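Residue-level structural notes
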Amino acid sequence: MKTLTAKLLYCLLFSLWVSSISYSQKSDLNIEKKIDKVIKNMTLEQKIGQLCLKGTSSRSKGLSEELKNEVRLGLVGAILNLTEPNLVLEIQKIAVEESPTHIPLLFGRDVIHGYKTIFPIPLGLAASWDMELVEKTSKIAANESYSRCINWTYAPMVDIARDARWGRIAESPGEDPLLASRLGVAYIKGFQGNNPSVPGQILACAKHFAAYGAAEGGRDYNTVSISESLLRNVYLKPFEAAAKSGAATFMSSFNDLNGIPASGNRFLLQKILREEWKYDGFVLSDWNSVTEMIPHGYAADEKEAALKSASAGLDMEMTSLSYANHLKTLIAEKKISEKQLDEMVRNILRIKFRAGVFENPYFKDREKFSLLNADALQTARIAASKSCVLLKNENQILPLKNNQKIAIIGPLADAPREQLGTWIFDGNKEDSQTPLKAFQNSFGQDNVFYASGLSHSRSLSENGFASAIAEAKKSDVILFFAGEEAILSGEAHSRANINLPGLQEKLIAELQKTGKPIVLILLAGRPITLGAVLPKVNAVIMAWHPGTMAGPAISDILLGLANPSGKLPVTWPKEVGQIPIYYNHPNTGRPADPTTFVAIQNIPVEAWQSSLGNNSHYLDAGYEPQFPFGFGLSYTTFSYDNLKIGKAILKNNNIEKLNVSAVITNTGNTPGIETVQLYIRDITGSIVRPIRELKDFLQIELKPKESKTVQFSIPVSDLAFYNDKMELKAEPGDFKVWIASHAENGLEGDFKIE
């Protein structure tokens, strides 16, 4: 009877699954029929209009009569940076009720890590390694945006970043393709939900396609030259995950890739995205990136730029006007066919239908979604707390004691605008809760002594030093809030040196002379080189740019109300000369070896010139980072024991799985969260393989002295990589596996694929 019931239940579930597929197929078919009908009744000019994303800068206000008239004629497909709801509804009414096509507009905005409630920058959220949390933050951002008549965001950015000099590392998910892929999917799910037409959800945009994070020298907009296997094995993986998770739109990047600008790159936009991944959303350019192919030297003029982008498969042009000015002529000259144009329009209309803007052009129920509500602020507080990474805690100086007198020093202790970080067009500093205010509330005014010491992070004036030192002498412990102002990271804000700017290092050195212990709290959009600072401070917390609730979140961490659980999503360099630095690098013929490495100060004077026994390193910086990928301390400690591998020899097929487990124990006296990481190394391959690759991770919460067995199950197919023939294959041979707390440690085992 039980068997029969199980079979009936299985049959019922299977029929429901088939029905859902059938419904989905019917829905898609209905949309395609609707698109056919719409396109059939459009003029050439109106079709071209759908390819045009028009608007103004992020700071502009108002609505021009020129734009209204263009919409009235059906010559605009979407609008950028219009954020006043009454104006959005006004121009949407023109599109729907007065234009000949009656096609609603999309309204786009850079909502990167929150709309009004600002969450940690994406690199900070990546440090949480918490996908449910990331999904919730983007859902809140979607709800707030929708309430203000925005239905499309230009996020998530899923560019792999291996260079901390690059300003846009702040927006990135870090250096690892697996972590980046999972983060991208979480953002997309939060923004779009299971159905982007549901009120409160908005369309996502995976950007920047592709390899933008590999820009030479970490300079924004710069050239990228990488092999196709590296492109496929690392830089494209998060984009493929985004495409397969249903990201409604993609954005092309500013850079050229191996000589071809991304906005005119047929290999990326057609071969990879459309043919291999079967992507059916639409692709838009980044701001003016179509016409910027002219200074790139890839297009002679605006008309050629339009031809190359349209031929490559770029559907919508952001702000520049090459499509509007030249596509009609290019079609008349038969350089672009009207069928190609129809496909571009079809891609855009498909997303508009899926987003439900035809049925809901006026943002139905938007009044149900509020800004900065209690749940949003609490989520922002938790997100900022979980993003904090404890990098040093000498003699367990943290958490602080309730009876301590504290000196709060530094240019970012009470900087409400700066704590919000990059890309927060709609966030207000008035909504920020700063660290100074939070500690004054926690400890009381009489136990908190404050002096900024420096007016801002870049300040070169010592005028505030004396007051900072005087306040520090009254305290039991100094909390120094250092880092970068928000404007020092983000687009076009690359840095050649990534040390603490201004006189922050000098002020720390002066404070050390007081003999008081120093806790360094970093608020920055990137890793900061700390060579001169690290020996002078007793503890370090990387808080990134934490957002609206920075103060309460950091206070929670420092007081021990929350136990630090963040792990680095990027490798942290000792010095800028080590960059690019990343954990998943290939070996060399002379890999770095601690037994043979000789530091610059240990080389004898007049040493015999020889390279025998030398390896890949810097004489002055060695070969290790300051902190490895995946690293992060806690107020408790964890032990890793009893590694078990299910089968030591695996078959090379789509069924076989590698099963690995270990016992993780909280050996301390405080409850804590540990992110357990699984790394694998393919020892020998047809192309050189990374020394480690993250293949899975799990977060577990353990009470003091509690143990849990963590189990991983990895399909052999997940060990496949693109070889020199661009074949995606898992190769037979010997492998190593680690269950670890970061990329440079762990329990090690071996297995083989036959």
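None of these values were measured; they are calculated from a predicted model.

**Focus on the environment of Ser494**
- Structurally, Ser494 is set in the loop between strand S14 (477–483) and helix H18 (504–512).
- Given a relative accessible area of 30%, Ser494 falls into the partly exposed group.
- For the pair Ser494 and Ile169, spaced 325 residues apart in sequence, the C-alpha separation works out to 9.1 Å.
- Apart from residues lying up to four places away in sequence, Ser494 is in contact with Arg165, Trp166, Gly167, Gly218, Arg219, Asp220 and Arg526.
- Here the side chain of Ser494 touches Gly218 through a polar contact of 2.7 Å, landing on its backbone oxygen.

**Comments concerning the sheet that holds strand S16 (residues 539–542)**
- Reading across from one edge, S11-S16-S15-S14-S12-S13 is the order of the six strands in this open sheet, with mixed pairing throughout. In this open sheet, the two edge strands, each paired with only one partner strand, are strand S11 (389–393) and strand S13 (448–451). The mean inter-strand angle of the sheet, taken between neighbouring strand axes irrespective of direction, is 15 degrees.
- Relative to S13, strand S12 (residues 406–409) runs parallel, the two being bridged by four bridges. Bridge pairing links Ile409 to Ala451 in S13.

**A closer look at the domain arrangement of the chain**
- Taken domain by domain, the chain holds domain 1 (39–368), domain 2 (388–559), domain 3 (590–624) and domain 4 (638–753).
- Of note, the centres of domain 1 and domain 4, computed from C-alpha atoms alone, are 36 Å apart.
- With twelve residues of domain 1 in contact, the opposing surface of domain 4 contributes twelve residues.
- In this assembly, domain 1 packs against domain 4 so that about 1,200 Å² is buried in total across both faces, 57% of it on carbon and sulfur atoms.

**Side note on the side chain of Gln192**
- Along the polypeptide, Gln192 turns up in helix H7 (residues 177–192).
- Looking at Gln192, the relative accessible area reads 5%, which means it is buried.
- Side-chain polar atoms of Gln192 contact the backbone nitrogen of Ala248, separated by 2.9 Å.
- Ignoring anything within four residues of it in the chain, the contact list for Gln192 reads Gln201, Ile202, Leu203, Ala204, Gly246, Ala247 and Ala248.

**Some details on the UniProt feature "domain: Fibronectin type III-like" (unreviewed entry) in the chain**
- In this numbering, the UniProt entry assigns the feature "domain: Fibronectin type III-like" (unreviewed entry) to residues 674–743.
- End C-alpha atoms of residues 674–743 are separated by 14 Å, and the span's content is 0% helix alongside 57% strand.

**Some details on the nonpolar core**
- Ranked by size, the top nonpolar core spans 126 residues in total, and within it Trp152, Phe209, Phe250 and Leu284 carry the most contacts.
- Shared between two domains, this core takes at least three residues from each, and those domains are domain 1 (39–368) and domain 4 (638–753).
- Membership of the second largest hydrophobic core comes to 49 residues, among which are Ile409, Phe480, Leu503 and Ile508.

**What about the sheet that holds strand S17 (residues 638–645)?**
- The three strands lie next to each other as S17-S19-S22, forming an open sheet whose pairing is antiparallel. In the strand order of this sheet, the two ends are held by S17 and strand S22 (707–715), each with one partner. The average angle at which neighbouring strand axes cross in this sheet is 20 degrees, direction not considered.
- Where S17 and strand S19 (residues 657–666) come together, six bridges link them in antiparallel fashion. By the bridge assignment for S19, Asp641 is matched with Val663.

**Comments concerning the pairing of S16**
- Neither face of S16 is exposed, since Ala539 and Ile541 on one face and Val540 and Met542 on the opposite face are all buried.
- Sheet analysis places S11 next to S16, joined by four bridges and oriented antiparallel. Residue pairing across strands places Lys392 opposite Val540, the latter belonging to S16.
- In this structure, strand S15 (residues 518–523) lies alongside S16, joined through four bridges in parallel fashion. Each residue of the ladder has a partner; that of Leu522, found in S16, is Met542.

**Concerning the environment of Lys237**
- Counting through the fold element by element, Lys237 comes out in helix H9 (residues 237–244).
- In this structure Lys237 comes out as partly exposed when scored by relative accessible area, which is 26%.
- The spacing of Lys237 and Val158 is 79 residues in sequence and 9.3 Å in space, taken between C-alpha atoms.
- The contact partners of Lys237, leaving out residues within four places of it in the chain, are Pro177, Ser181 and Arg232.

**Looking at a nonpolar patch on the surface**
- Together, Val598, Ile600, Ile603 and Leu619 make up an exposed nonpolar region whose accessible area comes to about 290 Å².
- Tracing the backbone through its elements, the reader meets Ile603 in the loop between helix H19 (550–558) and S17.
- Note on Ile603: relative accessible area 33%, which makes it partly exposed.

**Some details on helix H17 (residues 465–473)**
- Restricting attention to buried positions, one finds in H17 the residues Phe465, Ala468, Ile469, Glu471 and Ala472. Viewed end-on, H17 has its buried residues packed into an arc of 165 degrees, placing them on one side of the element. In H17, those exposed residues whose orientation departs by more than 90 degrees from the buried face are Ala466 and Lys473.
- Against the buried residues of H17 lie S12, S13, S14 and H18.

**Regarding the pattern of salt bridges**
- The tally for this structure, following the rule as stated, stands at 46 salt bridges.
- Arg232 is paired through a salt bridge with Glu228; the nearest N and O atoms lie 2.9 Å apart. On the criterion of helical spacing, the pair formed by Arg232 and Glu228 is a turn pair, its members being four residues apart in helix H8 (residues 228–235).
- With relative accessibility at 6%, the residue Arg232 sits in the buried group.
- What makes Glu228 partly exposed here is its relative accessible area of 30%.
- Taking the shortest distance from any N to any O, the salt bridge between Arg526 and Glu484 comes out at 2.6 Å.

**Structural notes on helix H12 (residues 302–312)**
- Considered for burial, the residues of H12 that qualify are Ala305, Ala306, Ser309, Ala310 and Ala312. Take H12 and look down its axis: the buried residues cluster within an arc of 160 degrees, on one side only.

**So, the confidence of the model for the chain**
- Looking at the chain, pLDDT values average 95 and 96% of them are 70 or higher.
- Every residue in residues 1–24 scores below 50 in pLDDT, and together they form zero contacts with partners more than four places removed in sequence or on other chains.

**Side note on the packing of H8 against helix H10 (residues 266–276)**
- The interhelical angle for the contact between H8 and H10, taken along N-to-C directions, is 55 degrees, at an axis separation of 14 Å. Relative to H10, the element H8 is oriented oblique. At the point where H8 passes H10, the crossing takes the right-handed sense. Residue-level contacts link Glu228, Leu231 and Arg232 of H8 to Phe267, Lys271, Ile272 and Glu276 of H10.
- For the contact of H8 with H10, the class distribution of residues is three nonpolar, no polar and four charged.

Thresholds applied
Residues numbered from 1 in each chain as written. Predicted model: local features only at pLDDT ≥ 70, side-chain atom pairs only at ≥ 80, totals over all residues. Heavy atoms only, no water. Helix = DSSP H or I, 4+ residues; strand = E, 2+ residues; numbered from the N terminus. Buried < 20%, exposed > 50% of the residue type's maximum accessible area, 1.4 Å probe, protein only. Contact = heavy atoms within 4.5 Å. Polar contact = N/O pair within 3.5 Å; in protein donor to acceptor, adjacent residues only side chain to side chain. Pairing = 2+ DSSP bridges. Axes fitted to C-alpha atoms, helices over the stretch in contact; angles between N-to-C directions. Domains from an automatic or database assignment. Buried area = accessible area lost by both parts, 1.4 Å probe. UniProt positions renumbered as here; feature names shortened; annotations may be inferred. Core = buried A, V, L, I, M, F, W, Y, C linked by side-chain atoms within 4.5 Å. Patch = residues over 30% accessible without salt bridge, like charges linked within 9 Å, V, L, I, M, F, W, Y side chains within 5 Å. Areas by Shrake-Rupley, 256 points an atom, 1.4 Å probe, with all protein chains shown as cover. Salt bridge = Lys/Arg side-chain N within 4 Å of Asp/Glu carboxyl O. Arc of directions from axis to C-beta. pLDDT = per-residue confidence, 0-100. Parallel < 35°, antiparallel > 145°, perpendicular 65-115°, else oblique. Left-handed = near helix turned anticlockwise from the far one by under 90°. Nonpolar A, V, L, I, M, F, W, Y, C, P; charged D, E, K, R; others polar.

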